[in-house]
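# Chain and residue survey
Letter by letter, the chains look like this.
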Amino acid sequence: MELSHLNQINFNELRFEKIDCMIAACGAQPRCYDLAEKLHPDISRKILLTDSKTCNSMFYERFISLGFRNLSTQENEPFAIENMLKEVCQVNKTQLNLLIDYSCMPKRWYALIIDCITRNPYIAQRINLFFSYTPKIFERKEGKQVIDYVGPILLNRDVPKEKKPVSLIASLDNKNCTMMEAIHAVNPQKILAFVPHCTHDPGYTQLVMENNKTLLGRLDSNSIINYNADSPEEINSLLTSYCLDQRIASEVVIVPQGPKTFSMMSMLLSVRYPDVKLWEIILREHKSASGQGMPAGNPVLVKVSFVNDDEDDEDDQD
């Protein structure tokens, strides 16, 4: 299927949509079930993604009480998610509306969802994905950071192949110096650093800049881009502009470590430009303190429409 349309919507607009299925991920933070709790009476089919860690989350039973069916998978195991999407999408309907709450979902899981939708010709002519991210107040106190993985998000598509110099787009977060590990691994010729501003947590920007001062001190002002993390459309516009400029003479690698709205827009951009590669940094998990990860604002929502190729052909003839 092909991506045909993308736009940001607000939460009140979502309430007027008929959602065929909601897919969420259980996590260690209370915000993981915030959207589910608000919408559960209006959605009949609900699927909860868990792995060996999150199936023991204190919030697991909360999801089950809201009518979710558990689907156990692993972060590196694509088949469970792909088979689930085939079951959900292979129905004889002109249009399907799927709500994906990726607030506490590993990047690889929502990357797989997007990848499966784009690779498979489902029966439905149009599939609308409503991606929802519930923001939180970010942690101020640094725990010990141990990096478990630096590399492609999806091995089947994000391994650099061309013999071009690399331009790296780094979306920064509040983790101290972790981005430097990705820079050493990629060895880019050029670096663009994206610094987030969050309306619900204005102090986060300063924290990001302080914790990434080693990298930011190496860059000139034209290589540092400020963006609004609560505005997916703005992120999409900025990313598209910078990627189109850089991909002419270099291979573009994006490392989206900032708020998840940036990683979602990066993944959707790579649907339109498959030569853009996505890498991630995975830190060894540490136990969240009580009270962390509470919902800190309304969900940030983007509606993305995918259509079958034959529908595109018909539209072109009109």
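Residues numbered from 1 in each chain as written. Predicted model: local features only at pLDDT ≥ 70, side-chain atom pairs only at ≥ 80, totals over all residues. Heavy atoms only, no water.

Here we take up the nonpolar core. The nonpolar side chains of a soluble globular protein tend to be buried with one another. Counting 82 residues, the largest nonpolar core has I127, F131, I254 and L268 as its most contacted members. Of all the elements, helix α5 (residues 107–119) adds the most residues to this core, at eight residues. Once you skip the residues sitting within four places of it in the chain, L268 turns out to touch L3, L6, I114, F131, V304 and F306. By size, the runner-up hydrophobic cluster in this structure holds 23 residues, among which are I19, C32, L35 and L301. (Core = buried A, V, L, I, M, F, W, Y, C linked by side-chain atoms within 4.5 Å. Buried < 20%, exposed > 50% of the residue type's maximum accessible area, 1.4 Å probe, protein only. Helix = DSSP H or I, 4+ residues; strand = E, 2+ residues; numbered from the N terminus. Contact = heavy atoms within 4.5 Å.)

A few words on the environment of A80. Looking at the element boundaries, A80 is found in helix α4 (residues 79–89). Between the alpha carbons of A80 and L49 there is a distance of 9.6 Å; along the sequence they are 31 residues apart. A80 has contacts with L71, S72 and T73, leaving out every residue within four places of it along the chain.

Here we take up the pattern of salt bridges. Enumeration according to the criterion identifies 13 salt bridges in this entry. Put simply, R62 and E37 hold a salt bridge, and the shortest N to O gap is 2.4 Å. Here E37 lies in helix α2 (residues 34–39) and R62 lies in helix α3 (residues 60–65), a separation of 25 residues in the sequence. Judged by relative accessible area, which is 33%, R62 ranks as partly exposed. In this structure, R45 engages E87 in a salt bridge whose closest nitrogen and oxygen atoms are separated by 2.6 Å. Of this pair, R45 sits in the loop between α2 and β3 (46–50) while E87 sits in helix α4, and the two are 42 residues apart along the sequence. In this structure E87 comes out as partly exposed when scored by relative accessible area, which is 44%. Counted as one network, the salt bridges with shared partners bring together R45, R69 and E87. (Salt bridge = Lys/Arg side-chain N within 4 Å of Asp/Glu carboxyl O.)

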